[in-house]
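# Structural overview
Spelled out from the first residue to the last, the chains are:
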Amino acid sequence: MKLRLLSCLLALTLGMVSLQADEPKPTDTKKPDAAPAASKDTSSPANKGAAPAAGKEVAIIKTSAGDMVIEFWTDAAPETIKNFKKLAQQGFYDGTLFHRVIKGFMIQGGDPLTKDASAEDRWGTGGPGYMVKAEFNDHPHVRGVISMARSSDPNSAGSQFFICHGTESFLDHNYTTFGKLIKGDDVLEKIATTPTHPPDRPNTKQVIISIKIVPADSIK
C-alpha cells in the first residue's frame, strides 16, 4: 500500500492523465479527497434514468459490449464538446479501443493508434494532431462522467477520453468533464470489470465500433 501511495503521489506531480504515460492514475478510492461544490446535476446515470432535453444532441457510443449514451454539458465545456462531436462525425473513433481499463476508476479510449495491434507499445500516446484548450468546470468526476485525457500540460487534450467507473474527486478541476452517461451503465460495468493484464489492458478487446451524434429526442 505504501508503494502504491508513493506511486500515486508521483503521478499527481507529473500529471495524472498523461497521453504519453497512458494515464490517469488511480488513487486510494477508499478515502477520496473531499469533492468541490456539486454542480446542479451530479447524480449517477445508473440511478437517474431521465431523458435528455429536446433540441439537444447526444452521443451513442456503440461498443463490442453494447451501447452507451452520453449527454453533453454544453454550458460547461463547449469547445471540448465541439471537438468531440467533430471527431465522432468524421469517424475518427470508429474501430478504436478502450485500451486502458481500471475497475473502480475509469475506462480510457479515443487513441487512433489502438487500431494497429503492432503499435501496442505506443497505445495511449496518439491523438488527432492538435490540442484543445482545457475547460475545467465544477462538474465532479463521478461514475458515468466523461472527461478528457491529457498530459501534464493542462491544454494538451486531443481525442482521448475516459469514462469514470468510480468517484475520483482528486481529478476535479484538473481535467475537463463534458458530459455524463444517461444510458448503458450496464455496459460501463461490463467494460470496467473485464479481466485485464499489465499495463491495464483488457484481455478481450473492448472495441468502440462507432460514436454517432444524434438528436437527444431520438433516444427513448
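Please read these numbers as outputs of a predicted model, since none were measured by experiment. Residue indices follow the written sequence of each chain, beginning from 1 at its first position. Under the rules for a predicted model, residues below a pLDDT of 70 receive no local features and side-chain atom pairs below 80 are neither given nor counted, while totals for whole chains, interfaces and linings still include all residues. Heavy atoms from the whole structure form the basis of all side-chain values; hydrogens and water molecules are not counted.

So, about the overall build of the protein chain. From N to C terminus, the protein chain includes 4 helices and 10 strands. Numbering of helices and strands runs from the N terminus; a helix is a DSSP stretch of H or I covering at least four residues, while a strand is a stretch of E covering at least two. Starting at the N terminus, the α and β elements of the protein chain follow one another as α-α-β-β-α-β-β-β-β-β-α-β-β-β. Each residue gets one of three labels from its accessible area relative to the maximum for its type: buried under 20%, exposed over 50%, partly exposed in between, using a 1.4 Å probe on protein chains only. With 220 residues in all, the protein chain has 52% of them scored as buried. The criterion used for residue contact is that any of the two residues' heavy atoms lie within 4.5 Å. Intrachain contacts of the protein chain at a sequence separation of at least 6 include 73% that bridge at least 24 residues. Every accessible area reported is derived by Shrake-Rupley at a probe size of 1.4 Å, with residue values counting cover from the shown protein chains alone. For the protein chain, the accessible surface area stands at approximately 10,300 Å², while carbon and sulfur atoms represent 54% of it.

Next up on the list: the confidence of the model for the protein chain. The predicted coordinates of low-pLDDT regions are not to be read in fine detail. On average, the protein chain scores 83 in pLDDT, and the residues at 70 or more come to 75%. In this model residues 1-22 is a low-confidence stretch, pLDDT under 50, and it forms 47 contacts with partners more than four residues away in sequence or in other chains. When the criterion is pLDDT under 50, residues 27-52 qualifies, and its contacts beyond four places in sequence or with other chains add up to 39 contacts. Scored between 0 and 100, pLDDT is the confidence that the predictor attaches to each residue.

We now examine the packing of aromatic side chains. Note on aromatic pairs: the rings of Phe, Tyr and Trp (six-membered ring only in Trp) are paired at centre separations within 6.5 Å, and the planes decide the class, stacked below 30 degrees, edge-to-face beyond 60, tilted for the rest. Tallied over the entire structure, the rule returns 9 aromatic pairs. Note on F84 and F178: the rings are 5.3 Å apart at their centroids and 55° apart in plane angle, and the pair reads as tilted. Separated by 94 residues along the polypeptide, F84 in helix α3 (residues 78-89) and F178 in strand β7 (residues 177-183) bring together distant segments of the chain. Of the aromatic side chains, those joined through ring pairs into one cluster are F72, F84, F92, Y93, F98, F161 and F178.

With 30 residues, the main nonpolar core has M68, F84, Y93, I107, F161, I163 and I211 as its most contacted residues. Apart from the residues lying within four places of it in its own chain, the contact partners of Y93 are F84, L87, A88, G110, S159, F161, I208 and I211. To form a nonpolar core, buried Ala, Val, Leu, Ile, Met, Phe, Trp, Tyr and Cys residues must be joined to one another through side-chain atoms within 4.5 Å. In this structure, W73, M106, V145 and L171 belong to the second largest nonpolar core, which totals 13 residues.

Turning to the pairing of strand β10 (residues 207-215), a few remarks are in order. For two strands to be treated as a pair, DSSP must find at least two bridges joining them. Taken together, the 7 bridges between strand β1 (residues 57-63) and β10 define a ladder with antiparallel strand orientation. From the neighbouring strand, A59 faces β10, where its bridge partner is I213.

So, about the sheet that holds β7. Here 8 strands make up a closed barrel; going around it, the order is β1-β2-β7-β5-β6-β4-β3-β10 and the pairing antiparallel. Geometrically, the sheet is characterised by an average inter-axis angle of 35° between neighbouring strands, direction not taken into account. Only the stretch in contact is used when fitting a helix axis, every axis being a line fitted to C-alpha atoms; angles between N-to-C directions are given from 0 to 180 degrees. Along the sheet face, α3 touches β1, β2 (66-72), β5 (145-148), β6 (161-164), β7 and β10 and points at about 115° away from the line of β10. Seen against the sheet, helix α4 (residues 185-192) touches β1, β2, β3 (96-102), β4 (106-109), β6 and β7 and runs at an angle of roughly 115° to β2.

What follows is about the pattern of salt bridges. A pair is scored as a salt bridge if a Lys or Arg side-chain nitrogen falls within 4 Å of a carboxyl oxygen belonging to Asp or Glu. If you walk through the whole model with that rule in mind, you get 6 salt bridges. With a closest N to O distance of 3.9 Å, D67 and K62 form a salt bridge. Note on D67: relative accessible area 38%, which makes it partly exposed. The partly exposed category is assigned to K62, whose relative accessible area is 37%. The network of salt bridges with common partners includes R143, D185 and E189.

Another point: α4. Buried residues of α4: D185, V187, L188, I191 and A192, and no others. Taken down its axis, α4 places every buried residue within 155° of arc, on the same side. Working definition: the arc comes from the directions between the helix axis and the C-beta atoms, pointing outward to the latter.

By secondary structure assignment, the location of T80 is in helix α3. When its relative accessible area of 3% is taken as the criterion, T80 is described as buried. Put simply, T80 and M148 are 68 residues apart on the chain and 8.3 Å apart in space, counted from C-alpha to C-alpha. In contact with T80, other than residues within four places in its own chain, are V132, K133, E135, M148, T176 and F178.

All right, on to the pairing of β4 then. Along a regular strand, successive side chains alternate from one face of the sheet to the other. Both faces of β4 are covered, namely the face carrying M106 and Q108 and the face carrying I107 and G109. For β3 and β4, the ladder comprises 4 bridges, and the chain directions are antiparallel. Pairing of F98 across the sheet is with G109, part of β4. Counted along the chain from β3 to the antiparallel partner β4, the turn is 3 residues long, and its residue G104 has a positive phi close to 85°. Relative to β6, β4 runs antiparallel, the two sharing 4 bridges. Residue M106 lies in a different strand from β6, and its bridge partner there is C164.

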